[in-house]
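Observations on the three-dimensional arrangement
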Amino acid sequence: MNDSYGVRHLQKHIWENHAFSHIFNADFLGFALMVIAGVALLTFVLVYGMVAVWAERKVAGHIQDRLGPMRVGWHGWLQSLADGVKLMLKEDIIPTMADKPLFILAPPLVFLAAFTAYAVLPFSSRAQLADLDIGVLYITAVTSLGVVGIIMAGWASNSKWPLYGAMRSAALVVSYGVPLGLSMLPVLMLSGSLSLQEIVGNQGGGILHWNLFQALPFMPLAFLVFFISSLAETNRVPFDIAEAESELVGGYHTEYSGINFSLFFIAEYSAMLLSCGVAATLFLGGYLPPAFRTLGMMGLPRLLAWLALGLFLLWRFTSFWERRQFSEALFFAVLTLAGLLLWRTFPHLFWFLTKTGVLFLVMLWLRWTLPRLRIDQMMYMCWKVLTPLAFVNLLGTSLWWMWAN
Amino acid sequence: MTSSREFRSQEIYVNMGPQHPSTHGVLRLMLRTDGEIVSDVAPMIGYLHRCAEKYGESGTYQMMIPYTDRMDYLAGMNCNWAYCLAVEKLGNVVVPERAEYIRILVGELNRIASHLIAFGTYGLDLGAFTPFFYALDEREKILDLFEMVCGARLTYSYFRIGGVAADLPEGWVKRCHEFIDFFRKRIDEFNELLTYNYIFIRRTANIGVIPANMAVDYGCTGPVLRGSGMRRDTRVDEPYGLYPRLRFHIPIGMGEKGSVGDCWDRYMVRIREMEQSCDIIKQVLKSMPEKGDVRAKVPKAFKPPKGEVYVRSESSKGELGFYLISDGTDRPYRVKARSPSLSNLCVLPAISDGMMIADLVATLGSLDIVMGEIDR
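Values in this document were obtained by computation on a predicted structure and should not be read as measured data.

Observations concerning the overall build of chain A
Looking only at helices and strands, one finds 15 helices and 0 strands in chain A. Per-residue burial over chain A gives 39% buried out of 405 residues.

Laid out in structure tokens, this is it:
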């Protein structure tokens, strides 16, 4: 579905002819298809973000010995939708002294940064909007735009706490950006390509071929550095220094309300899912299944896995039965069936979403467990721990690569 | 912080509060900051001033008790107790033994409840949300116990001059036992979750160090003073009630993770005090008489003889004292409360020079102030 050529060609075509009668040709159709695909992707990202918000609230609730949202829909699954509607109906307050154009532009920009990067994310071998041959570079470039939006928001608010948030964000982007980029390099070295499809393709053949388990112990370390840096990039605890609720009130989005505020919110979750998706793509074999074929013992591991799954489900359902929690049983049943269905019909999508989901859960788990770092500690960690570690990784992986080849 | 002084840029003034997530109520801090570095802090108080002392002077002695609930609203029982102690000393009232034991029970339970809030909100201040919910979960159980005793969950007014309002209801002792046994294990869980967390230690150790002499100079009391390594506790130094009969330990800050008197020490003193309170409650439950009066005979028109008295007691925040002057009528001539939170807050500007904003929040949280008590 690589159609960037088509768009360029169409523009050239219109420019040269100034005649719109020629517009309904193959090029236009390609363009229209791109627009439709873009809208579909936007819808997907929004829904994905909403589900993520709900998941966060449920996970947070259960970690904290409570239930989380329970009122809107079954176990609150429509809560995000209700909140979205509420925020849309709220007054969109723009402070008098704010820089109005920048203030309005900032939230869409932050969201755009997260959303645009989805264009190259390979959900499966075919479900990818554009397989750019510089995919990794594109993601790095586009996601770093988000910080511009954050600084814009903080500056345009013309208020002191948001300004602090913006300044912190600006100070941090140079800190986590370096280890983030450096931790991607070993992957590129192993794959010899910047295209995400090729990176995934290179990890085919089972779990042991994932980049995570190459060049031991260097690639796991690279993954760790990448994951920690992505936490910082998405403003997540323990690095939510730019919004730091207890210090800066709300950080850069203190002055925002209504739909603009919710855009920041959705952007954060889209960016989180994106980071998880990129981590899964770069290190965990992307959409490829973790088959055990390469272990040389075809049946046994798979049999054991099935057995474990069966026992787990049996245990869950009997416990539901004993406690008469049929609604939960139903939930698990639907979830299991949906998972199985997805697995059988779109195995690539299933594995991609599973891996992303697991990483996402780790992010949530960290958020609801850890306190926040101070900004100088965070910078110390990025510059003096992660960056040298990433360099050592790079060196180690390249040496390993030379030795292996 | 000398290096940051050399590169000083334009300083700005920021209002932290009175509406700010981590100023614990309506405290307003005027900050002069140079980027992230705070160069001056000026606490502005009075947003919660309700003339509690004046009210006390306009009513009878009994009528002040509900106002004391609202002073340190996180430790209402302790405030009740402090006031009643002063009035009893003024009027030479002897409290029955069982009432004294009940007072210790609810007082120590309230100390745990107050320290739980301190623990939970301290986590919030540092960006950890979950400890707050864990703490509130346990606090709810204490409030349930209080509800059984007096029907209220926050403003108890359970104490009376010469005793307490009512005897413990049936089954209360058993539930209290259950709670204490369960809670001791929960403290270990709290420690695992927050206390020994690496990030938490990095955020609190060596931050906001209050040297012992400074703590004394500023009149700090309670966990703040003990966190600086001073083994001072009114329950032991100037015992009241039946505390001399009980054996307990006074935890002090020892600079385990940083230097003596840092935020971690103050925090840890509270955690250890919760353990000690559990021990005290266990001892009381064991040695309490089964039956007995819970209220001395005090006339409704209670008129203590002329005189003045200052009585201090150990509330969860520190030394809570009441100064009363009686002119022989049924109304006090003067009521003055010496609230520990006020003195503890006063030390903040002295130690916050050159701190980062995040550290200021950590230090403020470790002082555990309650605005209701500061403004009264």
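A short note on the overall build of chain B
Each helix and strand counted, chain B has 16 helices and 9 strands in total. Taken against the 2.2 N^0.38 rule, which gives 21 Å for 376 residues, the C-alpha radius of gyration of chain B at 21 Å falls within 12% of a compact globule. Principal-axis analysis of the C-alpha atoms gives chain B an extent of 70 × 45 × 35 Å. Here chain B holds 376 residues, and the buried ones make up 52% of them.

Thoughts on unusual backbone geometry
One non-glycine residue, D65 of chain A, adopts positive backbone phi at about 60°. Located in the positive-phi region is N92 of chain B, a residue other than glycine, with phi close to 50°. Counting through the fold element by element, N92 of chain B comes out in the loop between α4 (76–91) and α5 (97–125). Judged by the 8 C-beta atoms lying within 10 Å of it, N92 of chain B falls in the exposed class.

Concerning the pairing of strand β3 (residues 37–44) of chain B
Residues and elements named next belong to chain B. One ladder, built from 7 bridges, connects strand β2 (residues 28–34) with β3; its direction is antiparallel. Bridging across to β3, T33 finds its partner in V38. Linking β2 back to β3 in an antiparallel pair, the connection comprises 2 residues, with G35 at a positive phi of about 65°. Sheet topology places β3 next to strand β9 (residues 355–356); 2 bridges connect them, and they run antiparallel. What sits directly across from I37, in β9, is M356.

Quick look at the interface of chain A and chain B
With 23 residues of chain A at the contact, the number on the chain B side is 27 residues. Elements supplying a minimum of two residues to the side of chain A that touches chain B: α10 (245–248) and α15 (375–404) of chain A. Residue composition of the side of chain A that touches chain B, by class: 10 nonpolar, 4 polar and 9 charged.

Considerations on the confidence of the model for chain B
The share of residues in chain B with pLDDT of 70 or more is 98%, and the mean pLDDT across the chain is 88. Both scores are given for the predicted complex: the pTM is 0.84, the ipTM 0.83.

Comments concerning the packing of helix α11 (residues 258–283) of chain A against helix α14 (residues 347–367) of chain A
Residues and elements named next belong to chain A. At a minimum axis separation of 8 Å, α11 and α14 run at an interaxial angle of 120°. By the angle between their directions, the pair α11 and α14 is classed as oblique. Judged by the sense of rotation from one axis to the other, the crossing of α11 with α14 is right-handed. Contacts from M272, L273, C276, G277, A279 and A280 of α11 reach α14 at F352, K355, T356, L359, F360 and M363. The class makeup of the residues in the contact of α11 with α14 is 9 nonpolar, 2 polar and 1 charged.

Overview of the environment of A232 of chain A
Examined against the element boundaries, A232 of chain A turns out to sit in helix α9 (residues 218–233). Distance from A232 of chain A to I94 of chain A, taken between C-alpha atoms, is 28 Å for residues 138 residues apart in sequence.

Notes on the sheet that holds strand β7 (residues 319–326) of chain B
Residue and element names in this part refer to chain B. Read from one edge of the open sheet, 3 strands run β6-β7-β8, paired in antiparallel fashion. On the outer flanks of this sheet lie β6 (307–314) and β8 (332–338), each paired with one strand and no other. Geometrically, the sheet is characterised by an average inter-axis angle of 15° between neighbouring strands, direction not taken into account. Running at roughly 35° to β7, α4 makes contact with β6 and β7 of the sheet.

Some details on the pairing of β8 of chain B
The two faces of a sheet get side chains in turn, since along a regular strand they alternate between them. Bridge count for β7 of chain B against β8 of chain B is 6 bridges, and the pairing is antiparallel. Residue S326 of chain B lies in a different strand from β8 of chain B, and its bridge partner there is P332 of chain B.

Let's talk about the nonpolar core
In this structure, A279 of chain A together with Y83 and A86 of chain B are the most contacted members of the largest nonpolar core, which totals 206 residues. Sorting elements by how many residues they give to this core places α11 of chain A first, with 16 residues. Once you skip the residues sitting within four places of it in the chain, A279 of chain A turns out to touch F226, F227, S230, L284 and L359 of chain A.

Digging into the sheet that holds strand β1 (residues 12–16) of chain B
On the basis of which strands lie adjacent, the open sheet formed by 4 strands has the order β1-β2-β3-β9 (chain B) and antiparallel pairing. A strand with exactly one partner marks an edge of an open sheet, and here the two such strands are β1 and β9 of chain B.

Looking at the packing of helix α4 (residues 100–117) of chain A against helix α6 (residues 145–156) of chain A
All names here are of chain A. The interhelical angle for the contact between α4 and α6, taken along N-to-C directions, is 160°, at an axis separation of 8 Å. By the angle class used here, α4 and α6 are roughly antiparallel. The crossing of α4 and α6 is left-handed. Packed against α4, whose contacting residues are L102, F103, L105, A106, P107, L109, V110, A113 and A114, the element α6 presents L145, G146, V148, G149, I150, M152, A153, W155 and A156 at the interface. Considered class by class, the residues forming the contact of α4 with α6 number 16 nonpolar, 2 polar and no charged.

A few points about the environment of L193 of chain B
Residues and elements named next belong to chain B. Looking at the element boundaries, L193 is found in helix α7 (residues 172–195). With 17 C-beta atoms packed within 10 Å, L193 lands in the partly exposed category. A sequence separation of 176 residues divides L193 from I369, and the C-alpha atoms of the two residues are 23 Å apart. Those residues in contact with L193 that sit more than four places away from it in its chain are T130, P131 and Y134.

Examining the environment of S229 of chain A
Residue and element names in this part refer to chain A. Along the chain, the position of S229 falls in helix α9. Using a count of 26 C-beta atoms within 10 Å as the deciding quantity, one classes S229 as buried. Once the C-alpha coordinates of S229 and L180 are considered, the two residues, 49 residues apart in sequence, prove to be 5.4 Å apart. Residues within four places of S229 in sequence aside, it is in contact with Y176, P179, L180, S183 and L386.

Re α4 of chain B
Residues and elements named next belong to chain B. Between the first and last C-alpha of α4 there are 22 Å, a value that for 16 residues agrees with the 22 Å anticipated at 1.5 Å per step. The buried fraction of α4 amounts to 15 of the 16 residues, a majority that puts the element mostly inside the structure. Count one or two residues on from α4 and you reach N92, which has phi positive near 50°.

Rules behind the numbers
Residues numbered from 1 in each chain as written. Chains lettered and ligands numbered in written order. Predicted model: local features only at pLDDT ≥ 70, side-chain atom pairs only at ≥ 80, totals over all residues. Helix = DSSP H or I, 4+ residues; strand = E, 2+ residues; numbered from the N terminus. Buried ≥ 20, exposed ≤ 12 C-beta atoms within 10 Å, placed from the backbone. Rg over C-alpha atoms; globule rule 2.2 N^0.38 Å. Pairing = 2+ DSSP bridges. Contact = placed C-beta atoms within 7 Å. Nonpolar A, V, L, I, M, F, W, Y, C, P; charged D, E, K, R; others polar. pLDDT = per-residue confidence, 0-100. Axes fitted to C-alpha atoms, helices over the stretch in contact; angles between N-to-C directions. Parallel < 35°, antiparallel > 145°, perpendicular 65-115°, else oblique. Left-handed = near helix turned anticlockwise from the far one by under 90°. Core = buried A, V, L, I, M, F, W, Y, C linked by C-beta atoms within 7 Å. Expected span 1.5 Å × (residues − 1).

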